[in-house]
Amino acid sequence: ILYLLYQYLNQEQKKGHPFTWAVVLYFLVCFVHERYMVLLPVFFLVLLIKKCRSWKEWLKPVLTFLLIQAIRFLAIGGLAPAGTGGTDVADTLSLREVLKFAVQQVLYVFGFNVGPEHLNGQNVSATPLWVLICLLIADLALLTMLLLFLVHLVRDKKHRGKNLTNALLLLVLIAGCIASSSVTIRLELRSVYVTFTAALTFFAYLYGALTADKKEPGWGWKIMPVTGVGVF
């Protein structure tokens, strides 16, 4: 879905039907797990950025979402999303818990496991010091790359809009995945896999944007995410 929406967002001339296929995949993935219904706003974001005036395009995700709800109602007799362990999200939803789980997911993405062992493996408090040092170095590299990307946005006026909208697409999808798995009574590490993959894609895009104008990147640019320096 992310790849197809990215393709649709960046194509200058209409080629194929990436948006339509993304909607088809959205329909299918909602039956893999209902939490992916929360990705609906991502489609509207892309259409908004593209300044799409075709009402048919806007209707595609709307009708697909309604069809999913109709199938769910006929199959289970209700529309409320099911929670973890046989619970109902509507009965157990707590804003405090949602915020706590969202923060925990961000920590998971950056390598810090803060959950109970029976759900998420070894807690960060039991992590060896040398592993924590490696995590901090890696996160410092990611932070450096993010800061360099922000500087790049300011300097590169030609590609600023494109880079900004692509980054926004990735961030909104990540936020949607975090929100969808933070509304139940507990957070399991397996729920963070898609979020983590999207985060890797986000940082890969940042690096690609920073090196796009380098025809033959030297070692300075290749190690830039680690050193924070790209001068060679």
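Below: a short report on this structure. Every chain is numbered independently, its residues counted from 1 as its sequence is written. Whole-chain, interface and lining totals are the exception, using all residues; otherwise, since this is a predicted model, local features are given only for residues with pLDDT of at least 70 and side-chain atom pairs are given and counted only at 80 or more. In computing side-chain properties, one takes all heavy atoms of the structure into account and sets aside hydrogens as well as water.

1. Quick word on the overall build of the protein
By the criteria applied, helices consist of DSSP H or I runs no shorter than four residues and strands consist of E runs no shorter than two, each listed in order from the N terminus. For the protein, the helix and strand inventory stands at twelve helices and zero strands. In sequence order, the secondary structure elements of the protein are arranged as α-α-α-α-α-α-α-α-α-α-α-α. Counting over 232 residues, the protein shows a buried share of 37%. Here, Shrake-Rupley sampling with a 1.4 Å probe gives the accessible areas, and only protein chains in the shown set may cover a residue. When the accessible area of the protein is evaluated, it comes to approximately 14,100 Å², of which 69% is carbon and sulfur surface. For every residue, the accessible area obtained with a 1.4 Å probe (protein chains only) is divided by the maximum for its type, and the residue is called buried under 20%, exposed over 50%, and partly exposed between those limits.

2. Examining the environment of Gly 111
Among the structural elements, Gly 111 can be located in the loop between α6 (95–109) and α7 (117–120). Along the primary structure Gly 111 and Leu 136 are separated by 25 residues, whereas in three dimensions their C-alpha atoms are 8.9 Å apart.

3. A few points about the packing of helix α2 (residues 18–29) against helix α4 (residues 55–76)
In the contact formed by α2 and α4, the axes pass within 10 Å of each other and the chain directions differ by 15 degrees. The orientation of α2 with respect to α4, classified from their angle, is roughly parallel. Judged by the twist between their axes, the crossing of α2 over α4 is right-handed. Each of Phe 19, Thr 20, Val 23, Tyr 26 and Phe 27 in α2 lies in contact with α4, whose residues at this interface are Glu 57, Lys 60, Pro 61, Thr 64, Phe 65, Leu 67, Ile 68 and Ile 71. Residue classes in the contact of α2 with α4 are distributed as nine nonpolar, two polar and two charged. Fitted lines through C-alpha atoms give the axes, limited to the stretch in contact for helices. The angle between two N-to-C directions lies from 0 to 180 degrees. We call two directions roughly parallel when the angle between them is under 35 degrees, roughly antiparallel when it is over 145, roughly perpendicular when it lies between 65 and 115, and oblique otherwise. Handedness of a helix crossing follows the sense of rotation of the near helix relative to the far helix, less than a right angle counterclockwise being left-handed and clockwise being right-handed. Any two residues whose heavy atoms approach within 4.5 Å are treated as being in contact. Each residue is assigned to one of three groups, with Ala, Val, Leu, Ile, Met, Phe, Trp, Tyr, Cys and Pro labelled nonpolar, Asp, Glu, Lys and Arg labelled charged, and all others, Gly among them, labelled polar.

4. Remarks on the packing of helix α3 (residues 40–49) against α4
Orientation of α3 relative to α4, taken along the N-to-C sense of each, is 175 degrees, at an axis distance of 10 Å. Regarding the angle of α3 to α4, the classification is roughly antiparallel. Of the residues in α4, those in contact with Leu 40, Phe 43, Phe 44, Leu 47 and Leu 48 of α3 are Glu 57, Trp 58, Pro 61, Val 62 and Phe 65. Looking at the contact of α3 with α4 residue by residue, the classes come out as nine nonpolar, no polar and one charged.

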